[in-house]
Amino acid sequence: MHPTIDSLSLIEIGDSVSASCKISQGKFGMGTSSGKLLIYDDDALLSSTEMDSKIFGIVRIGENLITATTNGLHAFVSHQKWSLVIDSGCDIISASKDNILVADGSGGVIQIHPDGEVGNREVIGDITGLICSNYNEIAAISLADGSLLIIDNNAQIIHESVVSDDDTEIISCMVFREEGVLLVSRESLGMIIDDRFENRIECWHPTQGLIHTIELPSRVTAIMDTKRGAVVGCIDGKLLSLEVGNNQIEEVINFDYPISNIIEYEGGLLVSSWFQVYRINNSGDILWSFEHSGLITQMMILDNGNLVIIGESPAGSNPAPVILLDPDSIPYLPEGDEFDFEEISQGSSEFAGDLSQEEITLADAPPMAISETDDLMSALGEELEIITEEKVVEVDLLEDLSSSARAINLPPIADAGDDRTVNADEDGTAIVLLDGSRSYDPDGTIESWAWQNEKDKIIGHTPMIKVKLPSGVHTFKLQVTDNRGASTTSMVTIRIQ
């Protein structure tokens, strides 16, 4: 087991955190699924504002803190500065140093100035990702079918990578480097055979377009840009380092579960994988690990150096608390894991392995006479009777061990079914059965199912549900929880053509 550290504080929100943003001087903001905007200074609550609906995103631009809800945008400084109603709602928000971009619910991208003035709006399509760069005010957009668009500050397309009609791709992560080069992870689902890598990082230059492609062993789930390239986390738990323009990749470390967040910290990394946060030095060694009560979804380093960890609890459980850590805390081994090798190696004279003088004398003595042997056998018989009486203690010990083994709970196995392609009806839609009935619990029973769509909305609580889908690519997540509270998730992708 790795060394661990203690938390600085635990913040009980009482609601699931849907968005977060670092502000300044140890302050940060969080938005909840019930529509609360919470501003904290470390663990001290500075303000709480009730919004009109779930908060999908929070960005900081200048002195303004902009929140995106189902109904529109709201800007705050020390108070609410302005509001902007967006008829089709806000799905995604991103900001550069001078502009705000919003993907609305009808496939449009809207440019908004920090004072709330609305600029251009361009209809793009079914948008799944949107990020802005501070370099020349460009932005990158990912679409549901895996297409990639790079646009300027007027929402005009300057580079485009469109997926073939008979193929399906997924864009899982995007990040801009300081010089404006975009790193985007893409996965081809193999509908057609071509020369593209199944899993890859593409490097896009703001003026030259695609400049390099790097093959990866599995799907990317987290990405962080570095001076030379990037560090990427994969769905199989691999943490990889790569350079732009170089096809060589280096495996830093391999965890047991998918990686969700990567943050650079004092020459090393802070990495989250499932319920754990790890601090890793530049040699790939784990300095400490910390276990959260929820599945870790968001992390951020505040200006004062403290780490904020946000987790998602299993369906039906109480919301997970927000944890504050000091990454420079002194690690220690949890109680029961220490082992004093020095004491064991020194030993004692009683068990040193040498014979005593009395034992040497007995060993050199002649064999015992028959009468002595009879006495010895009689004594052995008495000892055997004592041993027989002590079997009850041994049985109790075995029962205790068996009871301890039963106390260990194995998590359930979630299975959302196979990815597949379905032909649409004449109206361009198709009814699809999502089947999670192959999920099981190896040492118990599954108590609950929770199906979520791309927008993290719960759409069903049974093993199988029917959904009506339009043309395009759709992803669904199934979370199953067993009778002792453990849960796991599985993803499935459905393409309607």
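Residues numbered from 1 in each chain as written. Predicted model: local features only at pLDDT ≥ 70, side-chain atom pairs only at ≥ 80, totals over all residues. Heavy atoms only, no water.

(A) The overall build of the protein chain, seen in detail. The number of helices and strands found in the protein chain is four helices and 39 strands. Taking all 497 residues of the protein chain together, 44% fall into the buried category. Within the protein chain, contacts between residues at least 6 apart in sequence are counted, and of these 46% link residues at least 24 apart. As displayed, the protein chain offers around 26,200 Å² of accessible surface, 50% of which is attributable to carbon and sulfur atoms. (Helix = DSSP H or I, 4+ residues; strand = E, 2+ residues; numbered from the N terminus. Buried < 20%, exposed > 50% of the residue type's maximum accessible area, 1.4 Å probe, protein only. Contact = heavy atoms within 4.5 Å. Areas by Shrake-Rupley, 256 points an atom, 1.4 Å probe, with all protein chains shown as cover.)

(B) Looking closely at the sheet that holds strand β9 (residues 80–85). Spatially, four strands are ordered β6-β7-β8-β9 in an open sheet, and the strand pairing comes out antiparallel. Every interior strand has two partners, whereas the edge strands, β6 (55–61) and β9, have only one. Between one strand and the next, the sheet's axes are offset by a mean angle of 15°, whatever the strand orientation. By the bridge criterion, five bridges tie strand β8 (residues 72–76) to β9 in an arrangement that is antiparallel. Paired with His 74 across the strands is Ser 83, a residue of β9. (Pairing = 2+ DSSP bridges. Axes fitted to C-alpha atoms, helices over the stretch in contact; angles between N-to-C directions.)

(C) Quick look at a negative patch on the surface. Residues Asp 126, Asp 145, Asp 165 and Glu 454 make up a contiguous surface patch of negative charge. Under the relative-accessibility criterion, Asp 165 is labelled exposed at 72%. (Patch = residues over 30% accessible without salt bridge, like charges linked within 9 Å, V, L, I, M, F, W, Y side chains within 5 Å. Salt bridge = Lys/Arg side-chain N within 4 Å of Asp/Glu carboxyl O. Lys, Arg positive; Asp, Glu negative; His and termini not counted. Charge placed at Lys NZ, Arg CZ, Asp CG, Glu CD.)

(D) Here's a closer look at the packing of aromatic side chains. Evaluation of the coordinates by the stated rule reveals four aromatic pairs. Counting every residue linked through ring pairs, the aromatic cluster contains Tyr 257, Trp 274 and Phe 275. (Phe/Tyr/Trp six-rings, centres within 6.5 Å; stacked < 30°, edge-to-face > 60°.)

(E) The arrangement of the side chain of Lys 477 in detail. By the element assignment, Lys 477 lies in strand β38 (residues 472–482). At 4.2 Å, Glu 312 is the nearest oppositely charged side chain to Lys 477, a buried residue that forms no salt bridge. Every residue in contact with Lys 477, bar those within four places of it in the chain, is listed here: Glu 312, Ala 450, Trp 451, Gln 452, Thr 489, Ser 490 and Met 491.

(F) Structural detail: the pairing of strand β29 (residues 286–291). When strand β28 (residues 276–280) meets β29, the two strands line up antiparallel, connected through five bridges. Among the inter-strand pairings, Tyr 278 is bridged to a residue of β29, identified as Ser 289. Taking the residues between adjacent antiparallel strands as the criterion, β28 and β29 are bridged by five residues, where Gly 284 takes a positive phi near 85°.

(G) Up close: the sheet that holds strand β35 (residues 446–452). Taken in spatial order, the five strands make up an open sheet running β33-β39-β38-β35-β36, and their pairing is mixed. Across the chains shown, the open sheet's two edge strands, defined by having one partner strand only, are β33 (420–422) and β36 (458–460). Here the average twist between neighbouring strands, direction ignored, is 35°. In terms of strand pairing, β38 meets strand β39 (residues 487–496) through ten bridges, oriented antiparallel. What sits directly across from Leu 478, in β39, is Ser 490.

(H) Quick peek at empty space enclosed by the protein. For the coordinates displayed, the defined rule picks out one cavity of 30 Å³ or more. Of the voids in this model, the largest cavity is the one considered here, and its volume is about 60 Å³. Lining the largest cavity are Ser 96, Asn 99, Leu 101, Gln 111, Cys 132, Ser 133, Glu 137, Ile 138, Ala 139, Asp 152 and Asn 153. For the lining of the largest cavity, a count of residues per class yields four nonpolar, five polar and two charged. (1 Å grid on protein atoms, 1.4 Å probe; cavity = no way out; pocket = protein on both sides within 12 Å on 5 of 7 lines; lining within 4 Å. Points joined across faces, edges and corners; volume = space filled by probe spheres on them. Nonpolar A, V, L, I, M, F, W, Y, C, P; charged D, E, K, R; others polar.)

(I) How the structure looks around the layout of surface pockets. In this model, the second largest pocket occupies a volume close to 730 Å³. Forming the boundary of the second largest pocket are 26 residues, of which Met 224, Thr 226, Val 231, Ser 241 and Glu 264 lie nearest the centre. Elements with a contribution of two residues or more to the lining of the second largest pocket: β22 (220–225), β23 (229–234), β24 (238–243), β25 (249–254) and β27 (268–273). Here the residues of the lining of the second largest pocket sort into six nonpolar, eleven polar and nine charged.

(J) Geometry of the pairing of strand β26 (residues 259–265). Of all seven residues making up β26, five are buried, and the element is well covered by its neighbours. In this structure, β26 lies alongside β27, joined through six bridges in antiparallel fashion. Across the sheet, residue Ile 262 finds its bridge partner in β27, namely Val 271. Counting the residues that bridge the hairpin from β26 to β27 gives two residues, and of these Glu 266 lies at a positive phi of roughly 45°.

(K) Quick look at the nonpolar core. One finds Val 432, Leu 434, Trp 451, Phe 476 and Ile 494 to be the most contacted residues of the largest nonpolar core, which totals 18 residues. When contributions to this core are tallied by element, the ones reaching two or more residues are β34 (429–435), β35, β37 (464–470), β38 and β39. Filtering out sequence-adjacent residues up to four positions away, Leu 434 remains in contact with Arg 420, Trp 451, Pro 463, Met 464, Ile 465, Val 467, Phe 476, Val 492 and Ile 494. (Core = buried A, V, L, I, M, F, W, Y, C linked by side-chain atoms within 4.5 Å.)

(L) Looking closely at unusual backbone geometry. One non-glycine residue, Ala 155, lies in the positive phi region at around 65°. On the secondary structure map, Ala 155 appears in the loop between β16 (148–151) and β17 (157–161). The residue Glu 266 is not glycine, and still its phi comes out positive at about 45°. Within the fold, Glu 266 resides in the loop between β26 and β27. Taking relative accessible area as the criterion, Glu 266 reaches 58% and is therefore assigned exposed.

(M) Spatial organisation of the environment of Lys 54. For Lys 54, the location among the structural elements is in the loop between β5 (44–50) and β6. The residues touching Lys 54, leaving out its near neighbours within four places in the chain, are Ser 18, Thr 32, Ser 33, Gly 35, Ala 68, Thr 69, Thr 70, Lys 455 and Asp 456.

(N) Representation of the confidence of the model for the protein chain within the structure. Averaged over every residue, the pLDDT of the protein chain is 83; residues scoring 70 or more account for 83%. Counted against residues more than four places away or in other chains, residues 338–356, with its pLDDT under 50, gives four contacts. Scored below 50 in pLDDT, residues 367–395 shows two contacts in the model against residues more than four places distant or in partner chains. (pLDDT = per-residue confidence, 0-100.)

(O) Representation of the pattern of salt bridges within the structure. Taken as a whole, this structure holds 15 salt bridges when the rule is applied. Arg 200 is paired through a salt bridge with Glu 202; the nearest N and O atoms lie 3.0 Å apart. Here Arg 200 and Glu 202 have matching classes, each one buried. The partner of Arg 279 in a salt bridge is Glu 266, and the shortest N-O contact between them spans 3.7 Å. Here Arg 279, found in strand β28, pairs with Glu 266, found in the loop between β26 and β27; they are 13 residues apart in sequence, far enough to count as distant. By relative accessible area, Arg 279 is classed as buried at 12%.

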